[in-house]
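# Chain and residue survey
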Amino acid sequence: MLKSFIVFGRYFLFWIIFFFLERLIFLIYYSERISYLGISEIISTFWRALRLDFSMAAYISAIPAIVYITLLFLPSVKFSKIIAKTYVVFFVIVFSTIGISNLNLYREWGSKINFRALEMAISAPKEAIASTSSSPVIPMFSILFAYMIFSVFLSNKVIWYQIADRTKSLGIRLIISFFLASTLFLAIRGGWQLSPINQSMSYFSSEPVLNHAAVNTEWNLIQDILNNKFGNENPYNYYNEKDAKKIVAGLFRKPAEPTPQVLDSDRPNIVFIILESFTARLVEDLGGEKGVSPNFKKLVSEGILFENIYAASGRTDKGVVATLSAFPSQAIRSIMKQNDKQERLPAISQDLIQNGYSSSFYYGGESEFFNMKSYILSHGYQKMVDQHSFDIKDMNSKWGTYDDKVFSKNIADLDYAKQPFFSTILTLTNHEPFELPSEPHFKGDDVDSKFRSTTFYTDSCLGAYLNQAKQKSWYKNTLFVAIADHGHRIPGNLMEYNPERYRIPLLFFGEVIKPEFKGTRINKIGNQTDLAATLLNQLKIDPKRFVWSKDLLNPGTAEFAFFNWDNGFGFANNEQIISFDNIGKSIILRKSPSNSNVDSILTSNGKAYMQEVYRQYLEY
């Protein structure tokens, strides 16, 4: 039995060595870009790469494993070494070509070989060749052939092309089969953790080249192809491009009025508190239930409350991108999951760092979930705290560390942060399955009561955090921004097209707010994406990179909001809110009685908005 594992282990080992060599070539090729880094950080690239390498090696080994297991139970069938060797040589040639081609592509695009590159090579080979015309052809082919020949030679030395233990008892062969299959499954998935493996699990550095080197090239390519399985066509082509752009441009016309300055400092410390599932329906000052978020209520009288804000969508990955990058949801896609696209997004953190801010991001769960880690590290955050930063004893919930521990760590760390600082906290306790570290405030085993209790808990953590912050020397020059990542279907189990499911709180709070503006309520309808322009204008930083963001504090800003789900979108203004079904091509919900003219305008605006968002997403 042991011999079977050795045979397959050597096969697996070869591919790990193969990927190691590909990565080494990449780092040597781009050594000038990383020459200023310490040797330990560069070496860490190989360690961080192992999980994706294991996953890719397991994918390659899947067919041989099926054949191997089958032959264990067919002792009379002969094993063809020629076929096995041909399989290995085939993938050596293909993967070597991909790996070395990636060297030139990375220089041009700043991203690894992906679906877009393959599509361009197939659909427009002349343009593809032209785009790499400056590539050093002879050195590239020399590296390719050397890498390919050495890999074939190495495969013959490392791999044992044989079937072991075919005469063992049926029980032994079943055990071998089970362990081989389960081991490959775990390697493909990346382990037992909550989130399946993704590129974030290889990200570790603030230097993009090292992160890109750590991501397995072949795994990344396959994942990108799968992410683009619906093709690269825009499924929301309602208008010709010129007309769609004209409609959207009208929505984002630049107001003539100046924006009032509500802060007494243009370089305050800033803390974003992104509250998981913090729906407006549980915030009393937004017309929600009483007694669920009492601490948030206390803050309203001393802050600036935006009363009619809608989340971009219904998921955290899309909410984080909408909040930090001011990029709307793409309905059927998630730009956070696609590295080559999300890295091109602007982010508030980047603009603040360029203006002298230090930055940090705090999350108590798996930062790799939905590829969040790579998004955060790709957008200027200099420090990232996730579940790995906490003691094992504090990892008590399914999602990781409860909110109180995360808030406590953040406030302790900010004492040592370089000012002005920009810190972001993303909470997680108010998420299914709604677990708590203490007794629930609302009794009852129904899901609505549990959700109210976790909302109450997160609200209490927010209150305790701000009470502690008031004792800090940096508090008086700090602006706190509380916003939800998205709303929720409960309480009440709202349908995905119900606008109330997307309505969320947005609150500015802190001593840095001028006295005359404390207690202000902004009734204007706006989006989660509008936070970027609203904040940056207060800091006298041009928000021009955030084309989907408008200043909610400017009286001349157009009043509207857009949100979407997989098969539809919603659009709101001060007259009406509609929800539109993309499949049925019709309005499926209206907040107010139908007005054909208003309905037509909102539908037109929503269609153009969705079309342009998706077009821009495809072009990233």
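Let me begin by describing the structure that accompanies this report.

## Side note on the side chain of Asn564
- With respect to the helices and strands, the residue Asn564 is situated in strand S9 (residues 561-565).
- Overall, the relative accessible area of 0% leaves Asn564 in the buried class.
- Within the structure, Asn564 has its side chain in polar contact with the side chain of Ser329 (distance 2.7 Å).

## Comments concerning the pattern of salt bridges
- The final tally for this structure, using the stated rule, is 20 salt bridges.
- Note that Asp413 is salt-bridged to Lys409, the shortest N-O span being 3.9 Å. With Asp413 and Lys409 both in helix H18 (residues 403-414) and 4 residues apart, this pair spans about one turn of that helix.
- Judged by relative accessible area, which is 17%, Asp413 ranks as buried.
- The class of Lys409 is partly exposed, set by a relative accessible area of 26%.
- Between Arg503 and Glu500 there is a salt bridge, with the nearest N and O atoms lying 3.9 Å from each other.
- For Arg503, a relative accessible area of 11% gives the class buried.
- One continuous salt-bridge network, built from bridges that share partners, spans Glu284, Asp285, Lys297, Glu307 and Arg521.

## Some thoughts on the side chain of Ser325
- In this structure, Ser325 sits in helix H14 (residues 316-325).
- Aside from chain neighbours lying at most four places away, what touches Ser325 is Val320, Leu345, Pro346, Ala347, Tyr375, His379 and Phe546.

## Thoughts on the environment of Pro235
- By the element assignment, Pro235 lies in the loop between helix H11 (217-227) and helix H12 (241-251).
- Residues Pro235 and Arg615 lie 380 residues apart in sequence; the distance between their C-alpha atoms is 9.5 Å.
- Those residues in contact with Pro235 that sit more than four places away from it in its chain are Ile332 and Tyr614.

## Topic: H14
- Most of H14 sits inside the fold, with 10 of its 10 residues counted as buried.
- For H14, the full list of buried residues reads Thr316, Asp317, Lys318, Gly319, Val320, Val321, Ala322, Thr323, Leu324 and Ser325.
- Where H14 ends, the next residue or the one after it, Ala326, has phi of about 55°, a positive value.

Criteria and thresholds
Starting from 1, residues in each chain are numbered consecutively following that chain's sequence as written. Only residues with pLDDT of 70 or above have their local features reported here, since the model is predicted, and side-chain atom pairs are shown and tallied only from 80 upward, although totals for entire chains, interfaces and linings are computed over all residues. Hydrogen atoms and water are omitted, and side-chain values are computed over all heavy atoms in the structure. Strands here mean DSSP runs of E at least two residues long; helices mean DSSP runs of H or I at least four residues long; both are numbered from the N terminus. Burial classification: accessible surface area is computed with a 1.4 Å probe over protein chains only, and a residue below 20% of its type maximum counts as buried, one above 50% as exposed, and the rest as partly exposed. For the purposes of these results, a polar contact is taken to be a pair of N or O atoms within 3.5 Å, where, inside protein, one atom must be able to donate a hydrogen and its partner to accept one; residues adjacent in sequence count only when each atom of the pair is a side-chain atom. Here a salt bridge means any side-chain nitrogen of Lys or Arg lying within 4 Å of a carboxyl oxygen belonging to Asp or Glu. Here, residues are in contact when the closest pair of their heavy atoms is within 4.5 Å.

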